[in-house]
There are 2 protein chains.
Amino acid sequence: MTSAVLLQPRSGSTLTERLARSAVATEGAGIATSDVPDWLAAERLACRTRVRQIPFADLDGWSFRAGSGNLRHRSGRFFTVEGLHVVRPDVGMEWQQPIIVQTEIGILGILAKEFDGTLHFLMQAKVEPGNPNLVQLSPTVQATRSNYTKAHGGTAVKYLEHFLDPPPGGVLTDVLQSEHGAWFYRKRNRNMIVEITGEVPADERFRWLTLGQLGRLLQQDNVVNMDSRTVLASAPLAYPEHGAIRSDADVASWFTGQRASHEVRAHRIPLAQVAGWCRDEHRIYRPDQRYFRVLAVAVEGANREVSSWSQPLIEPVAPGVVGFAYRTFAGVPHVLVHARVEGGFLDTVELAPTVQCVPANYTQASAAQRPPFLDLMLEAPPERVRYAATHSEEGGRFRNAESRYLVVATDEAATPTEAPPGYHWVTPGQLSWLAGHSRYVNVQARTLLAILQTRAAEIGQDSWVGHAAGRYPAART
Amino acid sequence: MTSAVLLQPRSGSTLTERLARSAVATEGAGIATSDVPDWLAAERLACRTRVRQIPFADLDGWSFRAGSGNLRHRSGRFFTVEGLHVVRPDVGMEWQQPIIVQTEIGILGILAKEFDGTLHFLMQAKVEPGNPNLVQLSPTVQATRSNYTKAHGGTAVKYLEHFLDPPPGGVLTDVLQSEHGAWFYRKRNRNMIVEITGEVPADERFRWLTLGQLGRLLQQDNVVNMDSRTVLASAPLAYPEHGAIRSDADVASWFTGQRASHEVRAHRIPLAQVAGWCRDEHRIYRPDQRYFRVLAVAVEGANREVSSWSQPLIEPVAPGVVGFAYRTFAGVPHVLVHARVEGGFLDTVELAPTVQCVPANYTQASAAQRPPFLDLMLEAPPERVRYAATHSEEGGRFRNAESRYLVVATDEAATPTEAPPGYHWVTPGQLSWLAGHSRYVNVQARTLLAILQTRAAEIGQDSWVGHAAGRYPAART
């Protein structure tokens, strides 16, 4: 019954040490950190891409289906814009909204390789039509199934083969993660990091960077794209934590209780039937100017998989604020997570940042209706801001979807040790542990986690102060 | 920013040691293991419960809704029987079937307490109308929300308060687990073990048992009910494994790939429209006598939450076979899991046993259509059977839903190291790790895992041989 098979260790401290070593390396074997913005600017110029808003009628291959009014591509692929009806019986709320439906699972994959004993990650300068600055650092591979089965009629996806058939022992992480539950219906992507040992032919639009370099670049606005951030959040980093306010079992139990206590009934409806939204030649929008609009763009001359195309995008009405309240307890860093319902989640709640909202949606709101802790983020004195930068969400589906991402040090008065219902203090290590599995940590919290991951050694140290590049509101509105 | 807060260890080896100690204790501080069957027999007599099949028309409070034909209770609570239409575009299959819809999340909770330094678990002798032998060992608490908010109009659920508001540090496990995806639409229950330190008033229908005692009782047919088995499978046991064929990261990656590669579209349809099924006064069934039937029972004189009631149940047409192929590699035990699609799963696949089927459904099938590895289970020579016993599924929804559960030692010829597509070798420790999170391990695999968990010290040892109580077919058909 016993075979001569070489066993693998189930998991190793070697990998976490190697990731930690990469996180403290603020320069690497390739491009200098300070040269990355110039390289991206050069790519921006070189790609000669132009994105302009067009009327829906000018979309090529996309149309509103007779009857349902759903917006779809004639191939039936890519994604559709449909309607969603969400009912929350436990809190007596319901609403309808447009939603992107994209059932196929994409791959967000970063290739890793050691140079001079330090792990580097292969990042791509990628054009996405919705990015406010067009070109950002993306994962090595960022591909929907339509991409790599070539529904675009485009060119092959570079480096894809490493993710479709990874070598045994080469996978550092591989987990299905949810994306924006307010804009996507049950979307998930495969977040992968795969290490290779052999030579990889370098491509001109790719650069090898350490985690530490990525951490430095995350201090800047709109450099590291959302897909990169969520993959980095999934990396199995270890944190030097000698304990936590609550054990892992208690955190898991609180989460299970939150998931069990919310009832969310969401079902798709025809886009034409969505109440409270209007459509004109250029936009699907709310007359009260809240939330977001659906619009169409034409993309010309890009160096993407195909050279020109048109597509719908979602554009939020105003910039968001996304932040963690941060405290140390007995010297151990903790962040305050929120068990948040989003209509598009597959399963009720996921862990979100302390604050995640678009303040402009609440200008008319009474104080009681304003999201908890929002003012803590908006009015944080500079010396309490541990992190602040503006990042945009995925530029392939969202246009100028920028949020100010913050980590703000708080105190017992503002954010008590005994967190209010629906909130819980967790350590970065606990958040990272949960992000190793599906549907625990939402995409906004994963952006903040990526920031913690790439600076793991500094969090909680005196050196981790005020890397704030500026204060809210974000530079670009 | 730093408060004087006492931190907890994130997780501790103490708990796994205490669970391991309980698993080797084949006798405990309470009832002798050998006395448990007599106690259950006495309870069976004392409860004076009679279950008889009745026509649907005699159901009290249940009726087929005009139009949809859905079977529901007039209160709108408990559960409904509706239709499900499942489409699997990736394999060109589709089917329709009746399905139980039960959106509310129940609690399956076992109370734990140390006696003489050993963890004991409070088990209940519980009447369930679908159990072939009426009374089995259930968790301390086995309650739907309808139960404990008293939609039954019944008595309060004993010990429930420990699970609704567990003490910090007292939760040993708390995870939402799926149930039968072939019979339930996206059902999940909260699987909890909560340890208490104070005195607990003993109730006559409850006994404290060690994990080792439960392991011994799991060798017997129909003693430990499904709800107990799934909770025991969720316990965070450690295994003395010095490695595995594939690392945890590789196992997770394989699972992610399996989940990503299957497309399952399941939507509810009116029961009256389900193709291929018929309804008469007594049953909803298939004319070809495959799969299962829906029927109604009246329960009289029970000591359950209410003394008499009637309800629908699902009854499989024949006993099932559920088994793990088992091998050791370099001395480390492994079982062969199958990434299995079930129409009622929330998310495509979960890890199932090597074999999970009702052989009677395949009597007309060609050799190619028979489930892989089935004959390995049916024709296993006695010396290869590491485990065999008959267990029934949840008696509150399923009637006489018995399967022969097996662990069969196999070899390279029958089950190669390089598993076929859709199958993977994992260690008991890896399976236990995954069962600590939602939707990785299906309920049948969790029954087999419970058997491994309660005998963790013996698996792979020479002592772990032939506890087979008999061979297939199960005694009761």
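For the structure given in this document, a descriptive report is provided here. Here the structure is a predicted model, which means the values were calculated and not measured. (Residues numbered from 1 in each chain as written. Chains lettered and ligands numbered in written order. Predicted model: local features only at pLDDT ≥ 70, side-chain atom pairs only at ≥ 80, totals over all residues. Heavy atoms only, no water.)

Digging into the overall build of chain A
Using the following cut-off: Only DSSP runs of H or I reaching four residues or more are called helices, and only runs of E reaching two or more are called strands; each is numbered from the N terminus. Our radius of gyration looks at C-alpha atoms and nothing else; its globule reference is 2.2 Å times the residue count to the power 0.38. Here, two residues are considered to be in contact whenever any of their heavy atoms come within 4.5 Å of each other. Per-residue and other accessible areas follow the Shrake-Rupley method at a 1.4 Å probe size, with only the shown protein chains counted as cover for residues. Positive charges come from Lys and Arg, negative ones from Asp and Glu, while His and the chain ends are left out of the count. For this purpose, a charge sits on NZ of Lys, CZ of Arg, CG of Asp or CD of Glu.
Tallying secondary structure elements over chain A gives 10 helices and 26 strands in all. In summary, chain A has a C-alpha radius of gyration of 22 Å against a globular reference of 23 Å for 477 residues, a match within 12%. Projected onto its principal axes, the C-alpha positions of chain A cover 60 × 55 × 55 Å. Taking the intrachain contacts of chain A between residues at least 6 apart in sequence as the baseline, contacts between residues at least 24 apart amount to 74%. Carbon and sulfur atoms make up 50% of the accessible area of chain A, which totals about 17300 Å². Charged side chains in chain A number 48 positive and 48 negative. The centres of these two groups are separated by 5 Å.

Considerations on the relation of the copies chain B and chain A
As a reminder of what qualifies: Fitting of the copies onto one another was done by least squares over C-alpha atoms, counting residues only where both copies have pLDDT of at least 70.
Mapping chain B onto chain A is achieved by rotating through 180° and translating by 0.0 Å along the same axis, at an RMSD of 0.0 Å. Classification of the inter-copy transformation places it as that of a two-fold axis. Looking at the interface residues of chain B, 100% of them are also at the interface in chain A, so both copies use one shared face.

A short note on the pairing of strand β24 (residues 385-392) of chain A
Residue and element names in this part refer to chain A. Which entries qualify depends on this criterion: Relative accessible area decides the class of each residue, using a 1.4 Å probe on protein chains only: under 20% of the type maximum gives buried, over 50% gives exposed, and in between gives partly exposed. Paired strands, in this sense, are two strands between which DSSP finds at least two bridges.
The element β24 is extensively covered by neighbouring structure, given that 8 of its 8 residues are classed as buried. Strand direction decides the pairing type here: β24 and strand β25 (residues 402-409), joined by 7 bridges, are antiparallel. For valine 385, the partnering residue across the bridge sits in β25 and is valine 408.

Structural notes on the packing of helix α6 (residues 226-233) of chain B against helix α10 (residues 443-453) of chain B
Residues and elements named next belong to chain B. Defined as follows: Simply put, an axis is a line fit to the C-alpha atoms, just over the touching stretch for a helix, and the angle between two N-to-C directions goes from 0 to 180 degrees. Convention used here: angles under 35 degrees read as roughly parallel, angles over 145 as roughly antiparallel, angles from 65 to 115 as roughly perpendicular, and any remaining angle as oblique. Here is the rule for handedness: rotate from the far helix to the near one, and if that takes an anticlockwise turn smaller than a right angle the crossing is left-handed, while a clockwise turn gives right-handed. Gly is placed with the polar residues, together with every amino acid not listed as nonpolar (Ala, Val, Leu, Ile, Met, Phe, Trp, Tyr, Cys and Pro) or charged (Asp, Glu, Lys and Arg).
The contact between α6 and α10 brings their axes to 7 Å, and the two run at 70°. As the angle between them shows, α6 and α10 are arranged roughly perpendicular. Where α6 crosses over α10, the two elements pack in a sense that is left-handed. Contact residues: Met226, Arg229, Thr230, Leu232 and Ala233 in α6; Val443, Arg446, Thr447, Leu449, Ala450 and Gln453 in α10. Taken together, the residues of the contact of α6 with α10 sort by class into 6 nonpolar, 3 polar and 2 charged.

So, the interface of chain B and chain A
Cut-off, in case you're wondering: Buried area is understood as the total, over both parts, of accessible area removed when two parts are fitted together, assessed with a 1.4 Å probe. The salt bridge definition used is simple: a Lys or Arg side-chain nitrogen within 4 Å of an Asp or Glu carboxyl oxygen. Throughout this description, a polar contact denotes any pair of N or O atoms lying within 3.5 Å of each other; where both atoms belong to protein, one of them has to be capable of donating a hydrogen while the other can accept it, and for residues adjacent in sequence the pair is counted only when both atoms sit in side chains.
The partner chain A presents 62 residues to the 62 residues of chain B that form the contact. Summed over both partners, the interface of chain B with chain A buries about 4800 Å², with 51% contributed by carbon and sulfur atoms. Counting across the interface, chain B meets chain A through 8 salt bridges. A:Glu241 serves as the salt-bridge partner of B:Arg10, at 3.5 Å between the closest nitrogen and oxygen. Our count for the chain B to chain A interface comes out at 19 residue pairs in polar contact (both at pLDDT 80 or more). Within the residue set of the side of chain B that touches chain A, elements represented by two or more residues are β1 (2-3), β11 (171-178), β13 (188-195), α7 (248-261), β20 (320-329), β21 (332-341) and α9 (428-434) of chain B. The greatest single-element share of the side of chain B that touches chain A, amounting to 10 residues, is contributed by α7(B). Looking at side-chain class alone, the side of chain B that touches chain A contains 22 nonpolar, 23 polar and 17 charged residues.

Quick notes on the packing of aromatic side chains
Residues and elements named next belong to chain B. Definition in use: The criterion for an aromatic pair is that two Phe, Tyr or Trp rings (for Trp, the six-membered ring) have centres within 6.5 Å, with stacked assigned to planes under 30 degrees apart, edge-to-face to planes over 60 apart and tilted to the rest.
Going through the model one piece at a time under the given rule, you end up with 22 aromatic pairs over all chains. On the basis of an interplanar angle of 70° and a centroid distance of 4.9 Å, the ring pair of tyrosine 159 and phenylalanine 206 is categorised as edge-to-face. Highlighted residues: tyrosine 159 in the loop between α3 (145-148) and α4 (161-164) and phenylalanine 206 in strand β14 (residues 206-209), separated in sequence by 47 residues. Here tyrosine 159 falls in the buried class, since its relative accessible area comes to 7%.

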